[in-house]
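# Breakdown of the fold
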Amino acid sequence: MGKVYEAIDEKLGAWIEQQQLFFVATAPLAADGHVSMSPKGDLRWFRILGAREVGYLDFIGSGAETIAHARENGRIVVMFCAFEGPPKIVRLYGSASVVLPKDPGFAELAARFDPPEHAVRSVIRVEVERIADSCGYGVPLMRFDGKRDQYDGWVDKKVRDGGFDEYVAEKNAVSIDGLPAI
């Protein structure tokens, strides 16, 4: 039923690019630390960078767990589920690195995506070590009705009101476990 792939080939890459949503999970090294899992819902901001490398744009949000965990230990899994069509789940296990806007190479890397005007805090780059699929029989069939626009409105208001930098300093400096993030 499940298959392990040597690389993200053309067929698997095409399937990934058809999905509307992916999930990212990371964890700190501490046994009592909090595992983090986040939905990411716009594939314009996800790219297959190579046969065993992917990346996605990371946006300012209410926390910075992925960045903190990537900096501490790099462990990450990116998961795609087929909510339409034949059932399937694909997991990309790997090692994450964080590329910040001030880092060398950021502009060239970010140019491979469809970036919005503002609110990109980093690119999460993943060196994929294991690529595996599974049946996905437990994933429900769901219809995609469209993207939400609340985030863009929230960012525009924060920028307009001048509270964006303060928000980032308050919410994105450390993880919920106290690990350094931004």
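Our structure is the block above this text.
What comes next concerns the included structure.

Cut-offs applied
Numbering of residues starts from 1 in each chain and follows the order in which that chain's sequence is written. The predicted origin of the model limits local features to residues at a pLDDT of at least 70 and limits the giving and counting of side-chain atom pairs to 80 or more, whereas totals for whole chains, interfaces and linings rest on all residues. To obtain the side-chain values, all non-hydrogen atoms of the structure were used and water was disregarded. Numbering of helices and strands runs from the N terminus, with a helix taken as a DSSP run of H or I at least four residues long and a strand as a DSSP run of E at least two residues long. Only the C-alpha atoms count toward the radius of gyration. The rule for a globule is 2.2 Å times the residue count to the power 0.38. Between buried and exposed lies partly exposed: a residue is buried under 20% and exposed over 50% of the maximum accessible area for its type, with that area taken using a 1.4 Å probe on protein chains only. Whether two residues touch is decided by their heavy atoms; if any such pair falls within 4.5 Å, the residues are in contact. Here, Shrake-Rupley sampling with a 1.4 Å probe gives the accessible areas, and only protein chains in the shown set may cover a residue. Each pair of aromatic rings taken from Phe, Tyr and Trp, with Trp reduced to its six-membered ring, is defined by centres within 6.5 Å and is described as stacked if the planes are under 30 degrees apart, edge-to-face if over 60, and tilted in the remaining cases. Take a side-chain nitrogen of Lys or Arg and a carboxyl oxygen of Asp or Glu: if they are within 4 Å of each other, that pair is a salt bridge. Note on terminology: a nonpolar core comprises buried Ala, Val, Leu, Ile, Met, Phe, Trp, Tyr and Cys residues joined through side-chain atoms within 4.5 Å. Within 3.5 Å is the distance limit for a polar contact, defined as a pair of N or O atoms, with the added protein rule that one can donate a hydrogen and the other accept it, and that residues adjacent in sequence qualify only through two side-chain atoms.

## Things to note about the overall build of the protein chain
Helix and strand counts for the protein chain come out as five helices and eight strands. Reading the protein chain from its N terminus to its C terminus gives the helix and strand order β-α-β-β-β-β-α-β-β-α-β-α-α. A compact globule built from 182 residues would reach a C-alpha radius of gyration of about 16 Å, and the protein chain, at 17 Å, matches this within 12%. Here the C-alpha coordinates of the protein chain stretch approximately 50 × 40 × 35 Å along the principal axes. The buried share among the 182 residues of the protein chain stands at 44%. Contacts in the protein chain between residues at least 24 apart in sequence constitute 73% of all its contacts with a sequence separation of at least 6. As presented, the protein chain carries roughly 10,200 Å² of accessible surface, and 53% of it is formed by carbon and sulfur atoms.

## Here's the deal with the packing of aromatic side chains
Two aromatic rings, taken as a pair, are described by how far apart their centres are and by the angle between their planes. As enumerated under the stated definition, the model contains eight aromatic pairs in all. Between the aromatic rings of Phe-59 and Tyr-151, the centroid separation amounts to 6.2 Å while the plane-to-plane angle is 70°, which identifies the pairing as edge-to-face. Here Phe-59, found in strand 5 (residues 53–59), pairs with Tyr-151, found in helix 4 (residues 150–161); they are 92 residues apart in sequence, far enough to count as distant. Using a relative accessible area of 16% as the deciding quantity, one classes Phe-59 as buried.

## Some words on the pattern of salt bridges
Under the counting rule described, the total for this entry stands at seven salt bridges. Linking Asp-42 and Arg-44 is a salt bridge whose minimum nitrogen-to-oxygen distance equals 2.8 Å. Accessibility expressed as a relative area gives 6% for Asp-42, which makes it buried. Asp-161 is paired through a salt bridge with Lys-157; the nearest N and O atoms lie 2.6 Å apart. You can see Asp-161 and its partner Lys-157 sitting in helix 4, four residues apart, about one turn around the helix. Take Lys-157: its relative accessible area is 45%, and that puts it in the partly exposed class. Each member of the salt-bridge network shares a partner with another, and the members are Asp-42, Arg-44 and Asp-114.

## Structural notes on the environment of Cys-135
For Cys-135, the location among the structural elements is in the loop between strand 8 (120–134) and helix 4. You can call Cys-135 partly exposed: its relative accessible area is 26%. Separated by 100 residues in the primary sequence, Cys-135 and Val-35 place their C-alpha atoms 24 Å from one another.

## Some details on the nonpolar core
Counting 30 residues, the largest nonpolar core has Phe-22, Phe-46, Phe-80, Leu-92 and Ile-124 as the members making the most contacts within it. Elements with a minimum of two residues in this core: helix 1 (10–18), strand 2 (22–26), strand 5, helix 2 (65–72), strand 6 (75–81), strand 7 (89–99) and strand 8. Residues within four places of Phe-80 in sequence aside, it is in contact with Trp-15, Ile-16, Gln-19, Leu-21, Phe-22, Leu-43, Phe-46, Lys-88, Ile-89, Val-90 and Leu-92. Among the nonpolar cores identified, the runner-up in size contains 16 residues, and Phe-59, Leu-109, Ala-110 and Ala-119 belong to it.

## Details of the side chain of Asn-172
Looking at where Asn-172 falls in the secondary structure, it is placed in the segment after helix 5 (164–171). Overall, the relative accessible area of 0% leaves Asn-172 in the buried class. At a separation of 2.6 Å, a polar atom in the side chain of Asn-172 contacts the side chain of Arg-121. Not counting residues within four places of it along the chain, the set of residues in contact with Asn-172 comprises Ile-60, Gly-61, Ser-62, Gly-63, Ala-64, Arg-121, Tyr-167, Ala-181 and Ile-182.

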